[in-house]
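Residues per chain, in single letters:
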2 protein chains.
Amino acid sequence: MGKEETQFDKTKPSVNSNGYRVVGTRPIRPDGIEKVTGRANFGADCNLPGMLTGCIVRSPHAHAKILSIDTSKAMKLAGVKAVVTAADFPELSPKHRGAGESPVSFRDMSRNIMARDKALYDGHAVAAVAATTPAIAQAAAALIEVKYKVLPHVLDAREAMKPKAPVLHDDIFTKGVDPKPSKASNVAQRYEFSLGDIDAGFASADVTVEHDFTSQCVHQGYIEPHACVASTTEDGMATVWASSQGQFMVRNYCATVCGMDISKIRVLPAEIGGGFGGKTVVYLEPIAILLSKKSGKPIKIVMNREDVFRATGPTSGGHAWVRIGAKKDGTMVAGELVMEYEAGAFPGSPVHLGCMTGFAPYTIANSKSVGFDVVVNRPKAAAYRAPGAPIAAFAVESAIDILAKKLEMDPIALREKNAAREGTQAAYGPKFQKIGFIETLEAAKNHPHYSIPLGPNQGRGVASGFWFNIGGESSAAVHVNEDGTVDVVTANPDIGGSRASMGIMAAEVLGIDVSRVKPIVADTASSAYSMLTGGSRVTFAVGQAVCLACDQVVAQLCERAAKIWDIEVSDVEWLAGSAVNRKSGKAGSLSLAEIANVAGKTGGPISGQSSSDVQGAGPGFGTHICDVEVDPETGRTTVIRYTAIQDVGTAIHPSYVEGQLQGGAAQGVGWALNEEYIYDDLGRLQNGGFLDYRVPVASDLPMIDTVLVEVPNPNHRFGVRGVGEVPIVPPLAAVANAVSAAAGTRMADLPISPPKLLAAMDAK
Amino acid sequence: MGKEETQFDKTKPSVNSNGYRVVGTRPIRPDGIEKVTGRANFGADCNLPGMLTGCIVRSPHAHAKILSIDTSKAMKLAGVKAVVTAADFPELSPKHRGAGESPVSFRDMSRNIMARDKALYDGHAVAAVAATTPAIAQAAAALIEVKYKVLPHVLDAREAMKPKAPVLHDDIFTKGVDPKPSKASNVAQRYEFSLGDIDAGFASADVTVEHDFTSQCVHQGYIEPHACVASTTEDGMATVWASSQGQFMVRNYCATVCGMDISKIRVLPAEIGGGFGGKTVVYLEPIAILLSKKSGKPIKIVMNREDVFRATGPTSGGHAWVRIGAKKDGTMVAGELVMEYEAGAFPGSPVHLGCMTGFAPYTIANSKSVGFDVVVNRPKAAAYRAPGAPIAAFAVESAIDILAKKLEMDPIALREKNAAREGTQAAYGPKFQKIGFIETLEAAKNHPHYSIPLGPNQGRGVASGFWFNIGGESSAAVHVNEDGTVDVVTANPDIGGSRASMGIMAAEVLGIDVSRVKPIVADTASSAYSMLTGGSRVTFAVGQAVCLACDQVVAQLCERAAKIWDIEVSDVEWLAGSAVNRKSGKAGSLSLAEIANVAGKTGGPISGQSSSDVQGAGPGFGTHICDVEVDPETGRTTVIRYTAIQDVGTAIHPSYVEGQLQGGAAQGVGWALNEEYIYDDLGRLQNGGFLDYRVPVASDLPMIDTVLVEVPNPNHRFGVRGVGEVPIVPPLAAVANAVSAAAGTRMADLPISPPKLLAAMDAK
């Protein structure tokens with residue numbers, strides 16, 4: 001982490017080496033003091049008078065028909081105020097699309113929130129109860145009698161694809177295949193992305209490698225469990241306090257699932273204690289709304305950690321088979337990838353994103369990626385940083401490592417030879433504009449880490465990764481206050497530093513000190529719409545909206561100055577936070593604060609507002625180097641050195657960007673080495689807690705070094721690219737390549753847990 | 001009150017008789033159900049974890065030097081967490097103007113909030129304490145030892161102007177007089193507004209009448225006492241929940257009085273249980289902020305009714321001398337008005353507004369109005385509906401009544417002869433545009449009330465009244481949701497139905513059902529600036545901002561339709577809530593909801609935002625008819641019939657407008673007949689409660705009939721004029737004229753309480 005400058009550091013130069021005054025500096029984060037003093041309000045911190053506690057009854061079976069639900073005993077318990085089951089939710093047709101453009105099945109969402117007819121995984125919600133105390137709510141939940149007919153279950157994608165596998169849904173007929181199947185199966189969809197002619201490609205190859213890779217589904221592992229409060233009133237309004245990745249997402253999803261007008265729901269964003277993609281859906285909020293409607297009281301529901309593991313989305317585990325053909329000089333001429341991802345209980349794994357990203361870092365003339373989206377008796381998969389990409393990259397980047405060894409080439413040099421660059425046609429569609437992949441490879445090659453000698457039982461792995469990054473619908477408002485301070489209003493939860501980056505960009509455009517800018521995260525009733533926080537879109541797209549709103553403010557400030565000076569606005573220039581009269585004859589300059597102070601006399605409030613669908617996100621590439629040491633006695637792997645290098649476009653607040661790289665790497669290390677769901681024979685989760693589901697803690701990791709390569713995105717004023725997703729893409733392969741090198745055997749099945757590694761080393 | 005239509009009444013015609021579809025209808029108020037079910041959160045309804053109670057120590061003396069304040073005993077009491085006195089507030093210079101354009105003295109405001117050096121009225125805050133419970137806070141307040149040197153006091157304006165009167169401030173040197181006085185006095189300012197030559201005017205008069213009138217200060221009598229919660233955090237931010245007439249006003253005033261950046265304060269508006277001008281200032285909020293800073297906890301302070309009476313602004317009482325000269329035919333040729341208003345402990349009575357409004361309804365070629373702003377040992381006067389106008393109108397309209405009797409003319413006919421009309425030069429400045437005063441007089445003359453025969457001891461009075469109405473800085477944002485519902489965001493508390501009227505105007509412009517519009521009152525951190533609610537400005541000015549923001553939305557909707565149809569936007573028309581292709585060849589139409597549903601695909605969120613200084617408010621005129629019966633035995637007056645007639649421009653939601661007329665009349669009746677402050681010899685308030693300070697209750701009043709005369713304001717899209725202030729202007733004189741007629745003697749001293757009337761009748 002770089003050194004922190006204070007907001008009041010007067011020693012900083014007026015323009016930094018990047019040409020900006022504020023962009024690229026490291027002011028104290030606006031939300032920092034609130035968070036370290038415990039003032040910040042997270043999802044569970046909202047308390048309302050008369051509030052009840054909601055408790056969810058969950059299926060103990062991985063797959064079961066719900067025969068009956070008897071809530072009468074629970075309702076008789078003193079203090080119990082309401083019970084809801086699926087019968088209380090509107091039944092949505094499979095074609096119900098909701099309003100707007102959510103590419104989700106609301107029918108599935110509704111049935112995931114509350115099981116209807118069938119429970120599809122251990123932990124699937126089947127009923128909920130609200131009572132005056134948590135203890136009564138739990139007691140009441142235990143009194144709800146659910147009769148099940150237990151059905152056979154399946155947990156693994158390839159098992160679920162077998163003809164005799166238990167079928168979860170009788171209305172899933174595989175999409176994307178011809179002819180359309182007549183029999184229901186667990187394969188929801190087949191995807192294919194192709195470029196060139198792979199048969200010809202492989203025929204022209206001098207060397208071909210191929211390998212199978214498997215990985216387990218892993219959880220996002222956010223520290224804050226899901227929590228919300230909903231309060232409904234007799235006029236049909238609902239107010240929801242929730243920790244999420246998008247207050248407008250919560251509003252839209254709740255409205256659709258509960259059958260309400262969108263304007264009848266107001267969502268107030270709580271601070272969020274981690275999301276990583278896992279809070280882009282709703283679980284509790286619609287239940288809380290319906291319990292509140294039935295009871296007439298505000299309802300709080302808070303998951304415990306076991307609920308989080310049993311019933312909220314991990315990302316998919318799956319299988320990948322990869323084949324790469326190359327010329328002797330290392331030129332890759334053909335690539336093929338076939339993957340099956342576990343979607344959980346409802347369709348929607350990110351396998352198509354795996355297909356799109358796997359070969360994306362490379363110029364391969366002939367490639368084909370095929371993916372199968374497979375339902376299994378696990379919780380419905382949710383997004384997790386660069387959804388679908390890490391396990392595709394694990395396969396491809398491991399295969400490239402094998403190829404490098406076969407060709408006896410340096411793995412970085414092999415990647416550099418084939419690296420995508422400006423003008424490369426990506427298999428998933430576009431031609432790349434200016435990108436910085438090669439720059440990350442150069443930086444890796446030249447980094448001291450790459451030449452540190454290794455000791456016994458040590459190995460070094462390298463892997464790269466890609467993520468599209470996205471833009472999308474984004475709004476911002478910028479209000480100049482009477483004293484020249486400025487409120488910057490956006491409506492995306494501050495997950496990765498958006499308050500800081502919005503404040504910095506506003507200060508840069510307006511030409512004022514960042515301490516004069518107050519970034520606000522607004523609720524759904526007071527802001528124009530913004531898409532949720534995800535896809536690494538916020539600093540880029542919402543930042544663009546902030547810049548556009550600031551432009552409007554600057555234009556208004558110049559108009560006011562022109563009015564005050566009685567000159568043409570074309571003679572006014574905005575320079576370093578002040579209006580300047582170009583025709584220097586008259587007056588010197590008027591600062592933003594001076595103009596703000598008389599705004600009421602010169603036309604009224606000075607405010608800008610921008611809403612648009614921001615396009616032009618710059619793709620991101622990263623290259624990671626990992627050194628490990630394996631213990632031949634125990635099979636334990638220790639990461640001893642780790643360097644994450646990434647083209648981050650322009651780093652608005654470098655400390656946050658470095659933190660993103662470190663966080664992604666840490667999560668990737670956990671994915672590679674330790675994290676997995678352990679189910680018993682009946683499909684019941686056995687390790688639903690952080691003691692048994694092992695994410696890396698500080699003592700498990702070395703200091704993760706970061707290198708920010710800055711190749712500005714040509715489509716953003718300051719060159720911003722998304723940075724949050726890329727860093728979780730390379731680590732799986734980087735770690736596996738390092739362990740394979742250290743152990744002297746290819747490790748292709750994640751997690752590379754000690755018993756698995758020990759067995760592999762013993763087998764060798 | 002007219003009949004209520006439901007929002008879902010499908011029988012209503014598509015266009016009403018006024019030419020509008022929604023404007024002029026009476027949908028259920030958006031805040032209604034929340035309020036009648038007790039859900040709405042008022043100032044005292046906010047509760048935060050760890051919150052402390054603040055309690056104010058108030059001066060028991062009308063005028064006293066503060067020698068010392070010893071808080072040590074209070075601080076030793078278990079549970080006491082903080083004490084503040086004036087020493088904790090920044091000392092502001094008399095010239096401190098704050099940021100923006102508040103025409104207030106922040107030095108005086110600060111000293112009114114917390115006495116510094118001197119206590120200037122009974123109830124003046126001298127210290128405050130915060131403790132864990134209300135009981136401890138009260139006990140601690142009692143332990144704060146304040147040593148005073150009691151000084152002589154003065155309560156009456158004319159007494160305070162005498163040479164030997166105690167002088168409240170040694171730095172007040174009367175402004176507006178020449179030469180500038182060398183000696184401090186209680187007269188803060190002299191105002192004069194003149195037109196023509198009054199000496200020549202009176203010389204040309206055939207008849208002259210003159211009279212003295214006195215009135216007492218009266219309280220706004222809002223049902224909800226002042227209440228707030230403030231929570232500060234270690235990063236210097238303060239969040240304030242308060243019931244007020246303007247969240248931005250609270251933010252600005254707190255920032256200035258507490259010495260904070262404006263952006264460091266976020267004010268969340270509570271519902272408001274009445275304000276009537278009395279909540280356009282702050283009393284508790286800065287104290288709560290400072291107690292919170294000192295204690296590190298949220299602070300709630302709630303006034304009781306006695307606090308409200310002792311320490312919050314009533315409007316001025318005062319004295320007026322009026323003289324009017326007229327020709328035999330009733331043509332008024334000269335008018336003179338001299339008034340002294342009690343400002344309370346700090347300068348700032350609305351005497352200049354009395355001077356400006358007194359003769360404003362009439363075309364008088366020669367007039368002069370002189371006013372004196374006089375400080376006395378009473379709470380600082382605050383605004384109260386049409387500040388300053390009612391007691392000026394009481395004098396002028398009583399004098400016109402006397403003149404009518406002298407000329408043996410019908411009092412309505414006399415007013416009609418002299419009524420201001422389009423083109424009349426008002427003495428206070430402007431020439432009137434289209435106004436509807438004569439129309440109210442016509443309506444009064446023709447109203448059945450005016451010809452009902454009177455019985456014994458009964459009398460009828462007529463009076464008219466005027467208010468400027470204002471516009472001012474106003475912002476609104478309009479957001480189209482994914483399902484075609486619409487959020488209309490403004491930042492003025494809903495005092496008199498602004499949610500309903502904003503929703504109606506938005507529905508009218510957009511062409512959708514009003515039930516699809518959700519009006520939102522936003523906090524200061526999520527909205528652009530709006531001036532406070534006052535001057536009858538909101539429906540006019542903020543409504544204009546809503547219309548302008550809706551225009552932007554309509555333009556965007558047409559652009560999206562053009563994009564969908566791939567035609568020029570100039571070929572798209574917005575008609576009754578849908579985009580229509582003028583060149584009917586292609587498609588039929590696209591509704592707002594249909595366009596909203598695909599907004600994400602056609603350019604992003606559809607939102608409009610308008611901020612401007614809205615000008616062009618239309619002046620308002622009213623004419624009231626009052627019938628009373630007096631009891632010769634007791635002197636009690638009963639109002640037996642009351643009709644309030646007003647030019648309201650266009651009534652957006654007529655039920656609310658009728659309510660404004662009824663409410664203003666009711667308050668005016670109380671002012672005329674009963675309300676007054678009773679002080680003992682030491683200047684201590686004796687009737688600080690609703691049992692002793694008698695506002696009219698339902699059983700005191702007849703049904704107040706209303707007639708809405710609609711002469712549209714040419715400067716507003718729908719013709720809106722302010723309506724909230726005018727109705728309190730005529731009642732004082734209407735009642736007094738009626739009582740004078742019934743009693744057979746001129747009643748010129750308010751309130752016309754039973755003992756006073758009995759004495760007058762006995763004297764006759």
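Report on the accompanying structure.

So, how was this worked out
- Residues numbered from 1 in each chain as written.
- Chains lettered and ligands numbered in written order.
- Predicted model: local features only at pLDDT ≥ 70, side-chain atom pairs only at ≥ 80, totals over all residues.
- Heavy atoms only, no water.
- Helix = DSSP H or I, 4+ residues; strand = E, 2+ residues; numbered from the N terminus.
- Rg over C-alpha atoms; globule rule 2.2 N^0.38 Å.
- Buried < 20%, exposed > 50% of the residue type's maximum accessible area, 1.4 Å probe, protein only.
- Contact = heavy atoms within 4.5 Å.
- Areas by Shrake-Rupley, 256 points an atom, 1.4 Å probe, with all protein chains shown as cover.
- Lys, Arg positive; Asp, Glu negative; His and termini not counted.
- Charge placed at Lys NZ, Arg CZ, Asp CG, Glu CD.
- Phe/Tyr/Trp six-rings, centres within 6.5 Å; stacked < 30°, edge-to-face > 60°.
- Expected span 1.5 Å × (residues − 1).
- Core = buried A, V, L, I, M, F, W, Y, C linked by side-chain atoms within 4.5 Å.
- Axes fitted to C-alpha atoms, helices over the stretch in contact; angles between N-to-C directions.
- Parallel < 35°, antiparallel > 145°, perpendicular 65-115°, else oblique.
- Left-handed = near helix turned anticlockwise from the far one by under 90°.
- Nonpolar A, V, L, I, M, F, W, Y, C, P; charged D, E, K, R; others polar.
- Pairing = 2+ DSSP bridges.
- Salt bridge = Lys/Arg side-chain N within 4 Å of Asp/Glu carboxyl O.
- Least-squares fit on C-alpha atoms with pLDDT ≥ 70 in both.
- Buried area = accessible area lost by both parts, 1.4 Å probe.
- Polar contact = N/O pair within 3.5 Å; in protein donor to acceptor, adjacent residues only side chain to side chain.

**Re the overall build of chain A**
Looking only at helices and strands, one finds 20 helices and 28 strands in chain A. Relative to the globule expectation of 27 Å for 764 residues, the C-alpha radius of gyration of chain A, 27 Å, shows essentially globular dimensions. In terms of overall dimensions, chain A has a C-alpha envelope of 85 × 75 × 50 Å along the principal axes. Residues counted as buried form 64% of the 764 residues belonging to chain A. Once local pairs closer than 6 in sequence are excluded, the contacts in chain A between residues at least 24 apart make up 78%. With the model as given, the accessible surface of chain A reaches about 26200 Å², and the carbon-plus-sulfur share is 53%. Both charge centroids of chain A, one from 73 positive and one from 79 negative side chains, sit 4 Å from each other.

**Here we look at the packing of aromatic side chains**
All names here are of chain B. Taken as a whole, this structure holds 40 aromatic pairs over all chains when the rule is applied. Judged by centre distance (4.8 Å) and plane angle (85°), the ring pair of tyrosine 428 and phenylalanine 468 falls under edge-to-face. Here tyrosine 428 is found in the loop between α12 (411–418) and α13 (437–446), whereas its partner phenylalanine 468 is found in the loop between β18 (458–467) and β19 (472–480), with 40 residues between them in sequence. What makes tyrosine 428 buried here is its relative accessible area of 17%. Residue phenylalanine 468 is classed as buried on the basis of its relative accessible area of 11%. On the numbers, 5.6 Å between centres and 80° between planes, the contact of phenylalanine 432 with phenylalanine 621 is edge-to-face.

**Overview of helix α11 (residues 389–407) of chain B**
All names here are of chain B. Taking 1.5 Å of rise per residue, 19 residues should cover 27 Å, and α11 covers 26 Å from first to last C-alpha, within 8% of that figure. The buried count for α11 comes to 16 of 19 residues, which makes it a mostly enclosed element. In the segment just after α11, glutamate 408 is the residue with positive phi, at about 55°.

**Looking at the nonpolar core**
Within soluble globular proteins, side chains that are nonpolar generally end up buried alongside one another. Among the nonpolar cores identified, the biggest contains 104 residues, and Val322, Ile324, Leu337, Leu403, Tyr642 and Val739 of chain B are the most heavily contacted of them. Considering each element in turn, this core owes the most residues, 12 residues, to α11 of chain B. When neighbours within four sequence positions are excluded, leucine 337 of chain B is seen to be in contact with Ala320, Trp321, Val322, Gly354, Gly358, Phe359, Lys368, Ser369, Val370, Ala392, Ala395 and Val396 of chain B. Membership of the second largest hydrophobic core comes to 103 residues, among which are Ala404, Phe621, Ala644 and Ala734 of chain A.

**Some words on the packing of helix α18 (residues 654–673) of chain A against helix α19 (residues 731–743) of chain A**
Residues and elements named next belong to chain A. Between α18 and α19, whose axes approach to 8 Å, the crossing angle comes to 55°. By the angle class used here, α18 and α19 are oblique. Pair α18 / α19 crosses with right-handed handedness. From α18, Gly664, Ala665, Gly668, Val669, Trp671, Ala672 and Leu673 reach across to α19, where they touch Pro731, Leu732, Val735 and Val739.

**Quick word on the packing of helix α14 (residues 498–510) of chain A against helix α15 (residues 538–565) of chain A**
Residue and element names in this part refer to chain A. One way to put it is that α14 packs onto α15 with a least axis distance of 9 Å and a crossing angle of 35°. Both α14 and α15 take part in a crossing whose hand is right-handed. The residues of α15 that touch α14, namely those facing Ser498, Ser501, Met502, Met505, Ala506, Val509 and Leu510, are Val538, Thr539, Val542, Gly543, Val546, Cys547, Cys550, Asp551, Val553 and Val554. Tallied by class, residues from the contact of α14 with α15 come to 12 nonpolar, 4 polar and 1 charged.

**Focus on the sheet that holds strand β4 (residues 118–119) of chain A**
Within a sheet, adjacent strands bond to each other through the backbone by hydrogen bonds, running parallel or antiparallel. Residue and element names in this part refer to chain A. Here we have 3 strands laid out as an open sheet, ordered β4-β2-β6, and antiparallel in their pairing. Both edges of this open sheet fall to β4 and β6 (145–150), since each of them pairs with a single strand only. Note that strand β2 (residues 64–70) and β6 share 6 bridges and pair antiparallel. Each residue of the ladder has a partner; that of alanine 64, found in β6, is valine 150.

**Brief notes about the pattern of salt bridges**
Using the criterion set out here, one finds 81 salt bridges over all chains in the structure. As a salt-bridge pair, aspartate 31 of chain A and arginine 29 of chain A come within 3.1 Å of each other at their nearest N and O atoms. Relative accessible area serves as the criterion here: at 3%, aspartate 31 of chain A is assigned to the buried category. Here aspartate 749 of chain B and lysine 756 of chain B are joined by a salt bridge, their closest N and O atoms 3.4 Å apart.

**Quick notes on the sheet that holds strand β23 (residues 578–581) of chain B**
All names here are of chain B. Taken together, the 3 strands give an open sheet; going across it, the order is β22-β23-β24, and neighbouring strands pair in antiparallel fashion. In the strand order of this sheet, the two ends are held by β22 (572–575) and β24 (589–591), each with one partner. In this sheet, neighbouring strand axes are inclined to one another by 25° on average, regardless of whether the strands run parallel or antiparallel. Taken together, the 4 bridges between β22 and β23 define a ladder with antiparallel strand orientation. Residue valine 572 lies in a different strand from β23, and its bridge partner there is asparagine 581.

**A look at the relation of the copies chain A and chain B**
Between the two copies, chain A and chain B, the superposition gives an RMSD of 0.0 Å; the rotation angle is 180° and the shift along the axis is 0.0 Å. Look at the turn and shift together and you get a two-fold axis relating the two. The position closest to the rotation axis in chain A is occupied by the C-alpha of serine 526 of chain A, lying 2.9 Å away. Of the interface residues in chain A, 98% have counterparts in chain B that sit at the interface too, so the contact is made through matching surfaces.

**Quick word on the interface of chain A and chain B**
It is common to give the size of an interface as the accessible area lost on bringing the parts into contact. Contacts between the two partners involve 58 residues from chain A, matched on the other side by 58 residues from chain B. Summed over both partners, the interface of chain A with chain B buries about 4700 Å², with 49% contributed by carbon and sulfur atoms. Put simply, chain A and chain B have 8 salt bridges between them. We note a salt bridge from arginine 516 of chain A to aspartate 261 of chain B, for which the minimum N-O separation is 3.4 Å. The tally of links between chain A and chain B comes to 26 residue pairs in polar contact (both at pLDDT 80 or more). Taken together, the elements giving at least two residues each to the side of chain A that touches chain B come down to α1 (32–36), β10 (227–232), α7 (247–258), β19 (472–480), β20 (486–490), β21 (517–521), α17 (599–602) and β25 (607–614) of chain A. The leading source of residues in the side of chain A that touches chain B is β25 of chain A, at 5 residues. The residue makeup of the side of chain A that touches chain B, split by class, is 16 nonpolar, 25 polar and 17 charged.

**Considerations on the pairing of strand β26 (residues 620–630) of chain B**
Residues and elements named next belong to chain B. Of all 11 residues in β26, 10 are buried; the element is thus mostly enclosed. Across 10 bridges, the pairing between β18 and β26 is antiparallel. Pairing of alanine 463 across the sheet is with histidine 624, part of β26. The turn joining β26 and strand β27 (residues 637–647), which pair antiparallel and follow one another in sequence, is formed by 6 residues; a positive phi near 80° is taken by glycine 635.

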